[in-house]
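Overview (structure and organization)
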Amino acid sequence: MEKSKNYYDVLEISNQANQEDIQQGYIRAKNAYSQDSLALYSIMTKDECDQILNLIEEAYSIISDPMKRQQYDEARGLNKDFNYYTPNTSTVLNQRSDSADSKLDKALGTSEKPSGESMTKIVATKKYSLAYEENPEMEEKISQATEFTGEFLREIREYKKVDIIRMAEMTKVSKTYLKYIEDEAINKLPALVYVRGFVFQYAKCLKLNPDIIATSYLNRIKELKG
């Protein structure tokens, strides 16, 4: 890992994050690069995804442990006078209840899968299905488009009757980042590798060409950044 790599950036959390924020950041990052993530393996090799997943695990193992986190922060001049040992922190870390474990497993998709593959497929199909009335003019506009801005992506999402909450559920990307993508909030967006993965999933959920749209959007962001 690069010495300059910030573990907080890896988990996309503030260096003031509490234990709950750390766990949520870990879950989001893990989901974004897991094999269950919608098509990330189409734009990145398995080795590349595995490297990022290893980095996420490394970051979580340090930041989630108060003692290791304190040492990490002190070495980088971060979080002076920060209270690393809030009540019950050690209990939460070292003796998580079965219910806490099951919640984390469920969020990460690592809990035991129910039997009956057909039911799983039915649920997945329903989750990613789109129900909207096709508009020939809009379909033509989409098919002829050469540039996909954040505003245009929002227009397509609304046209296909997918609200931001459902889009977050489908893509496993937070509502906040989805809004940043649509608003082209370049100063609030994460690293471009994350943005590409998020936009790729966004496009695939809307039954669009994810390669074209992710590439177009990233080129636009690079131009805006100058």
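All of the points below concern the structure found in this document. Along each chain, the written sequence defines residue order, and numbers are assigned to residues from 1. With pLDDT at 70 or above as the cut-off, local features in this predicted model cover only qualifying residues; side-chain atom pairs require 80 or more to be listed or tallied, and sums for whole chains, interfaces and linings still use all residues. To get the side-chain values, take all heavy atoms of the structure and skip hydrogens and water.

All right, on to the packing of aromatic side chains then. Each pair of aromatic rings taken from Phe, Tyr and Trp, with Trp reduced to its six-membered ring, is defined by centres within 6.5 Å and is described as stacked if the planes are under 30 degrees apart, edge-to-face if over 60, and tilted in the remaining cases. Here the structure, examined in full by the defined rule, presents eight aromatic pairs. The structure contains a cluster of three or more aromatic residues connected by ring pairs, namely Y177, Y180, Y194 and F198.

So, about the side chain of K160. Only runs of H or I of at least four residues qualify as helices and only runs of E of at least two qualify as strands under DSSP, and these elements are numbered from the N terminus. Topologically, K160 is positioned in the loop between α10 (150-159) and α11 (164-171). For every residue, the accessible area obtained with a 1.4 Å probe (protein chains only) is divided by the maximum for its type, and the residue is called buried under 20%, exposed over 50%, and partly exposed between those limits. Under this rule, positive means Lys or Arg and negative means Asp or Glu; His and the chain ends count for nothing. In the sections that follow, a salt bridge refers to a side-chain nitrogen of Lys or Arg positioned within 4 Å of a carboxyl oxygen of Asp or Glu. Buried and without a salt bridge, K160 has E139 as its closest oppositely charged side chain, separated by 5.1 Å. We call two N or O atoms a polar contact when they sit within 3.5 Å, provided that within protein one can donate a hydrogen and the other can accept it, with sequence-adjacent residues counted only if both atoms are side-chain atoms. A distance of 2.7 Å separates a polar side-chain atom of K160 from the backbone oxygen of L206. Contacts between residues were defined by any pair of non-hydrogen atoms, one from each residue, lying within 4.5 Å. Among residues more than four places away in sequence, those in contact with K160 are L130, A131, Y132, L206, K207 and L208.

Along the chain, L192 falls in helix α13 (residues 192-205). As a C-alpha pair, L192 and K222 span 30 residues in sequence and 9.0 Å in three-dimensional space. Sequence-distant contacts of L192, defined by excluding residues within four places in its chain, comprise L218, I221, K222 and K225.

Among the residues of α10, those classed as buried are G150, F152, L153, I156, R157 and Y159. Close packing links the buried residues of α10 with α9 (136-144), α11, α12 (175-183), α13 and α14 (210-225). Following α10 by one or two positions, K161 adopts a phi angle in the positive range, close to 60°.

A word on the pattern of salt bridges. Within the structure shown, the criterion is met by six salt bridges. Close ionic contact of R154 with D183 constitutes a salt bridge, the shortest N to O distance being 2.3 Å. One end of the pair, R154, is in helix α10; the other, D183, is in helix α12, with 29 residues separating them in the sequence. A salt bridge links R157 to E182, with the shortest nitrogen-to-oxygen separation between them at 2.6 Å. Here E182 lies in helix α12 and R157 lies in helix α10, a separation of 25 residues in the sequence. For R157, a relative accessible area of 7% translates into the label buried. A residue is classified by how much of its surface remains accessible, and E182, at 4% relative accessible area, is buried. If you follow the salt bridges from partner to partner, you end up with R154, R157, E182 and D183 in one network.

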